Amino acid sequence: MKKIAIIATGGTIAGRGASGMTTNYKAGRIPVSEILRSIPDVSDRFKISLYSLMSIDSNEMGLNQWVLLKKTIEDIVASSAVDGVVITHGTDTIEETAYFLTLTLHTEKPVVLTGAMRPATAASADGPFNLYQAICLAGSSKAVGQGVLALFSSTIYSGRDIQKISNYKIDAFDKANTALGFMKDDEVYFNTTQNKKHTTGSLFSTMPLDHLPEVDIISYFAGARASLLDTGAKGIVIMGSGMGNYSKAWYEEMKILHQKGVYFVRASRVLDGIVFGDDVFDPDHICINAFTLSAHKSRILLMLSLAYTKNLEKIQEIFTEY
Ligand code: SIN
């Protein structure tokens with residue numbers, strides 16, 4: 001029997017609201033043990049250990065919670081003979097936690113995040129089946145060494161690329177660009193694998209994470225004041241228009257801040273696409289380009305990169321590799 005550890009952090013999957021309703025609920029109110037009881041046969045097929053780490057809405061997640069989660073997973077994996085780990089998590093910020101763990105976890109064992117769009121008390125809640133499939137995925141030998149994964153609506157995503165694209169539908173994540181594979185009930189089918197560096201191959205998985213620099217995300221909008229960029233943070237991810245773009249006034253301010261030691265990443269507010277280097281918008285080459293990373297994932301990579309090096313070229317190389 002495969003041994004799976006489930007670490008609960010809260011989210012809609014553990015949400016409680018008016019019976020049958022899908023909105024106006026409170027996240028993180030129902031213990032995972034209760035959700036597990038609604039999944040037939042799961043305890044006959046897997047030896048499950050439960051860890052109630054947090055009961056929060058994922059909008060309360062931040063660096064402290066990520067580091068705690070990483071340490072908890074690594075302790076469980078090191079001290080008990082588990083085959084895989086499942087994390088239940090709110091969907092709002094799951095893509096950020098998933099990428100932080102992708103970059104920092106030092107294990108080859110499957111780690112699968114899942115959640116739900118409907119609270120546990122809703123008619124036809126989606127959480128129990130997502131949890132069931134996440135447990136099956138975490139127990140699959142096919143998932144070993146694949147990095148941090150996420151499972152939603154029978155679809156397998158990488159922790160690097162998972163991205164929420166609907167705040168309403170059950171199938172809330174971007175299948176077209178980010179799916180690694182699919183599941184048919186308990187059967188696992190990978191179509192492709194993650195080529196970017198992750199987990200044991202990531203230089204950040206053995207690095208101390210106690211003092212990461214502050215990095216902010218500032219979104220460009222028509223007429224945005226350049227003074228918005230002066231947040232006091234060590235790094236700024238620009239969620240630019242189009243291919244990571246902004247006004248001339250913004251670039252003048254960026255050059256001043258760059259002289260003062262602030263690092264800039266050019267990312268985009270457009271969900272689909274790539275941000276390459278650009279001689280027109282960044283003629284002085286003071287920016288790091290996000291390539292296919294979203295602004296939110298770029299922020300995490302910049303925080304970790306700045307804790308490792310202050311060399312702009314090296315950080316740009318990291319952004320091509322992770
Ligand atoms: C949350 O992210 O904790 C609430 C929303 C959700 O889980 O879908």
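In what follows, the structure referred to is the one given above.
Being a predicted model, the structure only gives us computed values, none of them experimental.

**Here's the deal with the overall build of the protein**
Phase 1 of the analysis: What the protein contains, in helices and strands, is nine helices and twelve strands.
Phase 2 of the analysis: Along the longest, intermediate and shortest principal axes, the C-alpha atoms of the protein span 60 × 40 × 35 Å.
Phase 3 of the analysis: Classification of the 322 residues of the protein by burial places 53% in the buried group.
Phase 4 of the analysis: Within the protein, counting contacts between residues at least 6 apart in sequence, those at least 24 apart form 69% of the total.
Phase 5 of the analysis: The protein carries 31 positive and 33 negative side-chain charges, and their two centres are separated by 3 Å.

**Topic: the sheet that holds strand E10 (residues 235–240)**
Phase 1 of the analysis: The four strands are arranged E9-E10-E11-E12 in an open sheet whose pairing can be described as parallel. Pairing within the sheet leaves two strands with one partner each, and these edge strands are strand E9 (215–219) and strand E12 (287–289). Strand-to-strand twist of the sheet, defined as the mean angle between neighbouring strand axes without regard to direction, takes the value 30 degrees.
Phase 2 of the analysis: In this sheet, strand E11 (residues 263–268) lies alongside E10 in parallel orientation, the contact comprising six bridges.

**A closer look at the side chain of Lys164**
Phase 1 of the analysis: Its location among the elements puts Lys164 in the loop between strand E6 (155–158) and helix H6 (175–178).
Phase 2 of the analysis: Overall, Lys164 belongs to the buried group, its relative accessible area being 17%.
Phase 3 of the analysis: At a separation of 2.8 Å, a polar atom in the side chain of Lys164 contacts the side chain of Thr91.
Phase 4 of the analysis: Discounting chain neighbours no more than four positions away, the residues touching Lys164 are Thr91, Asp92, Glu95, Met117, Ala172 and Phe173.

**Things to note about the site of the ligand**
Phase 1 of the analysis: Taken together, Gly11, Thr12, Asp57, Ser58, Gly90, Thr91, Asp92 and Ala116 are the residues near the ligand.
Phase 2 of the analysis: The separation between an oxygen atom of the ligand and a polar side-chain atom of Thr12 is 2.8 Å.
Phase 3 of the analysis: Contacts to the ligand include Asp57, whose side-chain N or O atom sits 3.4 Å from an oxygen atom.
Phase 4 of the analysis: The protein chains hide 95% of the 250 Å² of surface that the ligand would expose on its own.
Phase 5 of the analysis: Among the residues making up the shell around the ligand, the classes are represented as one nonpolar, five polar and two charged.

**Digging into the pattern of salt bridges**
Phase 1 of the analysis: Summed over the entire model, instances satisfying the criterion amount to ten salt bridges.
Phase 2 of the analysis: With its nearest N and O atoms 3.1 Å apart, the salt bridge here joins Asp186 to Arg45. With Asp186 in the loop between strand E7 (179–184) and strand E8 (187–190) and Arg45 in helix H2 (residues 42–45), this residue pair connects regions lying 141 residues apart in the sequence.
Phase 3 of the analysis: Among the residues examined, Asp186 registers a relative accessible area of 29% and is labelled partly exposed.

**Re the packing of aromatic side chains**
Phase 1 of the analysis: Summed over all chains, the structure comprises ten aromatic pairs.
Phase 2 of the analysis: When the ring of Phe204 is compared with that of Tyr322, the centres are 5.3 Å apart and the planes differ by 55 degrees; the resulting orientation is tilted. With Phe204 in the loop between E8 and E9 and Tyr322 in the segment after helix H9 (312–321), this residue pair connects regions lying 118 residues apart in the sequence.
Phase 3 of the analysis: Given the relative accessible area of 0%, Phe204 is considered buried.
Phase 4 of the analysis: Relative to Tyr251, the ring of Tyr246 lies with its centre 6.2 Å away and its plane at 5 degrees, an arrangement referred to as stacked. The burial state of Tyr246 is the same as that of Tyr251; both residues are buried.
Phase 5 of the analysis: Through a chain of ring-to-ring contacts, the aromatic side chains of Phe152, Tyr157 and Phe173 assemble into a single cluster.

**Some points on the sheet that holds E8**
Phase 1 of the analysis: An order of E2-E1-E3-E4-E5-E6-E7-E8 is seen for the eight strands of this open sheet, with the pairing classed as mixed. Each having just a single partner strand, strand E2 (46–56) and E8 make up the two edges of the open sheet. The mean inter-strand angle of the sheet, taken between neighbouring strand axes irrespective of direction, is 25 degrees.
Phase 2 of the analysis: In terms of strand pairing, E7 meets E8 through four bridges, oriented antiparallel. Each residue of the ladder has a partner; that of Lys184, found in E8, is Glu187.

**Notes on unusual backbone geometry**
Phase 1 of the analysis: Its identity as a non-glycine residue notwithstanding, Asn24 has a phi of 55 degrees, on the positive side.
Phase 2 of the analysis: Tracing the backbone through its elements, the reader meets Asn24 in the loop between strand E1 (2–10) and helix H1 (32–37).
Phase 3 of the analysis: With phi around 70 degrees, Asp41 is a residue other than glycine that occupies positive phi space.
Phase 4 of the analysis: With respect to the element layout, Asp41 can be found in the loop between H1 and H2.
Phase 5 of the analysis: The exposure class of Asp41 is exposed, given its relative accessible area of 51%.

Basis of the calculations
Residues numbered from 1 in each chain as written. Predicted model: local features only at pLDDT ≥ 70, side-chain atom pairs only at ≥ 80, totals over all residues. Heavy atoms only, no water. Helix = DSSP H or I, 4+ residues; strand = E, 2+ residues; numbered from the N terminus. Buried < 20%, exposed > 50% of the residue type's maximum accessible area, 1.4 Å probe, protein only. Contact = heavy atoms within 4.5 Å. Lys, Arg positive; Asp, Glu negative; His and termini not counted. Charge placed at Lys NZ, Arg CZ, Asp CG, Glu CD. Pairing = 2+ DSSP bridges. Axes fitted to C-alpha atoms, helices over the stretch in contact; angles between N-to-C directions. Polar contact = N/O pair within 3.5 Å; in protein donor to acceptor, adjacent residues only side chain to side chain. Near = heavy atom within 4 Å. Areas by Shrake-Rupley, 256 points an atom, 1.4 Å probe, with all protein chains shown as cover. Nonpolar A, V, L, I, M, F, W, Y, C, P; charged D, E, K, R; others polar. Salt bridge = Lys/Arg side-chain N within 4 Å of Asp/Glu carboxyl O. Phe/Tyr/Trp six-rings, centres within 6.5 Å; stacked < 30°, edge-to-face > 60°.

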